[in-house]
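The lines below spell out each chain.
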Amino acid sequence: MSFAANRGAFPLTRMRRLRRSANRRGLVSESQLSVKDLIYPVFILEGQKQRESVASMPGIERLSVDELIQDAAEWVELGIPCLALFPVVPADKKSLLAEEAYSDEGLVPTAVRALKAAYPDLLIMTDVALDPYTTHGQDGIIDDDGYVLNDVTTEVLVKQALCQAQAGVDIVAPSDMMDGRIGAIREALELDGHINTLIMAYSAKYASAYYGPFRDAVGSAGNLGKGDKATYQMDPANSDEALHECALDLQEGADMIMVKPGMPYLDIVQRVKSELLAPTFAYQVSGEYAMHCAAFRNGWLDHDKVVVESLLAFKRAGCDGILTYFAPAAARLLKG
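Residues numbered from 1 in each chain as written. Predicted model: local features only at pLDDT ≥ 70, side-chain atom pairs only at ≥ 80, totals over all residues. Heavy atoms only, no water.

(A) A look at the pattern of salt bridges. The final tally for this structure, using the stated rule, is 17 salt bridges. Ionic pairing is found between Glu-46 and Lys-93, a salt bridge with its closest N-O pair at 2.7 Å. Placement of Glu-46 in the loop between β1 (38-45) and β2 (51-53) and of Lys-93 in the loop between β4 (82-87) and α3 (107-118) is noted, with a sequence separation of 47 residues between them. Note on Lys-93: relative accessible area 31%, which makes it partly exposed. In this structure, Arg-186 and Asp-255 form a salt bridge, with 2.6 Å as the shortest nitrogen-oxygen distance. In this pair, Arg-186 is assigned in helix α5 (residues 181-191) and Asp-255 in the loop between α8 (240-251) and β8 (256-260), connecting sequence segments 69 residues apart. Judged by its relative accessible area of 12%, Arg-186 falls in the buried class. Judged by its relative accessible area of 30%, Asp-255 falls in the partly exposed class. (Salt bridge = Lys/Arg side-chain N within 4 Å of Asp/Glu carboxyl O. Helix = DSSP H or I, 4+ residues; strand = E, 2+ residues; numbered from the N terminus. Buried < 20%, exposed > 50% of the residue type's maximum accessible area, 1.4 Å probe, protein only.)

(B) Seen up close, the side chain of Ser-208. Position of Ser-208 relative to the elements: it lies in the loop between β7 (198-205) and α6 (212-218). With relative accessibility at 9%, the residue Ser-208 sits in the buried group. Of the polar contacts made by the side chain of Ser-208, one reaches the backbone nitrogen of Tyr-210; its length is 2.9 Å. (Polar contact = N/O pair within 3.5 Å; in protein donor to acceptor, adjacent residues only side chain to side chain.)

(C) Up close: α8. Compared with the 16 Å implied by 1.5 Å per residue over 12 residues, the 17 Å span of α8 between its first and last C-alpha is a close match. Every buried residue of α8 is listed here: Ala-242, Leu-243, Glu-245, Cys-246 and Asp-249. Summarising the axial view, the buried residues of α8 lie within an arc of 165°, below the 170-degree limit, and thus occupy one face. Those residues of α8 that are exposed and aimed more than 90 degrees away from the buried face are His-244 and Gln-251. For α8, the secondary structure elements touched by its buried residues are α5, β7, β8 and α9 (266-276). Downstream of α8 by one or two residues, Gly-253 has phi in the positive range, about 120°. (Expected span 1.5 Å × (residues − 1). Arc of directions from axis to C-beta. Contact = heavy atoms within 4.5 Å.)

(D) Expanded view of the packing of helix α11 (residues 303-317) against helix α12 (residues 327-335). Between α11 and α12, the shortest axis-to-axis distance is 10 Å and the interhelical angle comes to 100°. Considering the angle they form, α11 stands roughly perpendicular to α12. Contact residues: α11 offers His-303, Asp-304, Val-307, Val-308 and Leu-311, while α12 offers Ala-329, Ala-330 and Leu-333. Considered class by class, the residues forming the contact of α11 with α12 number 6 nonpolar, 1 polar and 1 charged. (Axes fitted to C-alpha atoms, helices over the stretch in contact; angles between N-to-C directions. Parallel < 35°, antiparallel > 145°, perpendicular 65-115°, else oblique. Nonpolar A, V, L, I, M, F, W, Y, C, P; charged D, E, K, R; others polar.)

(E) Up close: the packing of helix α10 (residues 286-297) against α11. One way to put it is that α10 packs onto α11 with a least axis distance of 10 Å and a crossing angle of 155°. Considering the angle they form, α10 stands roughly antiparallel to α11. Two packed elements cross with a definite hand, and for α10 against α11 that hand is right-handed. In this structure, α10 uses Glu-288, His-292 and Phe-296 to contact α11, whose residues at the interface are His-303, Val-306, Val-307, Ser-310 and Phe-314. The class makeup of the residues in the contact of α10 with α11 is 4 nonpolar, 3 polar and 1 charged. (Left-handed = near helix turned anticlockwise from the far one by under 90°.)

(F) Inspection of a nonpolar patch on the surface at higher detail. Taken together, Leu-18, Leu-27 and Val-28 make up a surface patch of nonpolar side chains, about 300 Å² in accessible area. Note that Leu-27 resides in helix α1 (residues 22-27). (Patch = residues over 30% accessible without salt bridge, like charges linked within 9 Å, V, L, I, M, F, W, Y side chains within 5 Å. Areas by Shrake-Rupley, 256 points an atom, 1.4 Å probe, with all protein chains shown as cover.)

(G) Local environment of the pairing of β1. By the criterion of burial, β1 is predominantly enclosed, with 8 of the 8 residues buried. Burial along β1 is two-sided: the residues Leu-38, Tyr-40, Val-42 and Ile-44 and Ile-39, Pro-41, Phe-43 and Leu-45 are all buried. Relative to strand β10 (residues 321-324), β1 is paired through 2 bridges, and the arrangement is parallel. The residue of β10 that forms the bridge with Ile-39 is Leu-323. Where β1 meets strand β3 (residues 61-64), 3 bridges bridge the pair, whose relative direction is parallel. (Pairing = 2+ DSSP bridges.)

(H) Representation of the state of the cysteines within the structure. As enumerated under the stated definition, the model contains 0 disulfides in all. The thiol of Cys-82 is unpaired, and the distance to the nearest cysteine sulfur, on Cys-319, comes to 15 Å. A relative accessible area of 3% means that Cys-82 is categorised as buried. Considering cysteine sulfurs only, Cys-82 is the nearest to Cys-163, which forms no disulfide, with 18 Å between them. Relative accessible area serves as the criterion here: at 5%, Cys-163 is assigned to the buried category. (Disulfide = S-S within 2.5 Å.)

Geometric descriptors of this kind do not, in isolation, establish any biological role.
Quick look at the structure:
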């Protein structure tokens, strides 16, 4: 729809009248950011009393489950509604077929059970993907040429999602980008009685260069080496394709859809939200976080103002919620 001005010419219209004071600006603010919009991604480790800093992500730590439970008390107090769990899998538990991904005694289901016991109302989201569990760092099962096999991978993803649902997770979030996996997971969840388990599909996940610090954090960077994920993640040049991916996932039973990365792809968020009118999320990924932190540390940007402004941009583009490593900091700023 084209924009047609319906205001009078200056000085009958002075746009600055509405900007004269904070209260005036608040009355006409078009987008609002709240703590309820935030999902906090956290990295979990095996063991007890374990904390490891992530060098490429200042302020972010890998936590053992007991430390996670301890720290989550503050996040719950801040009003953060949801945590997204990402496991750091030891090398001796990685394999070509990613069997650890659906172990009932694995790190993720163990963490889910502990969190739900400690904080029943806190929403827990889990990653459905195989890259933390494979020896090669790809998100699926590969053939002899290293190509990720779609249908074989989907069978393992279904097992992984069921394992997580049986542990009590609220949201399973397939981030693998295999064709047809949302329908397969939804059918399996229904058949197993998990009718209220939500699916947040990483529907438009791009083969982006912004994921590097995340791969360091979960320990998959070394396994992936110089490989890439371009045969299953999306081409950064494409926009129309994102709409097809999102529409297909909704048709297959996704409750929510996601665009990843975040700020460099807000045009995609806006198109997806305006054209599909479905619950839409985006991930302010590790590379975005790391760049901001570098600028903060050098005094080039104002931490508090930029954190809030960057997240408000997601809301302005149409996001219903945002996965962000700034969640605790943003929550403190919004509550303060």
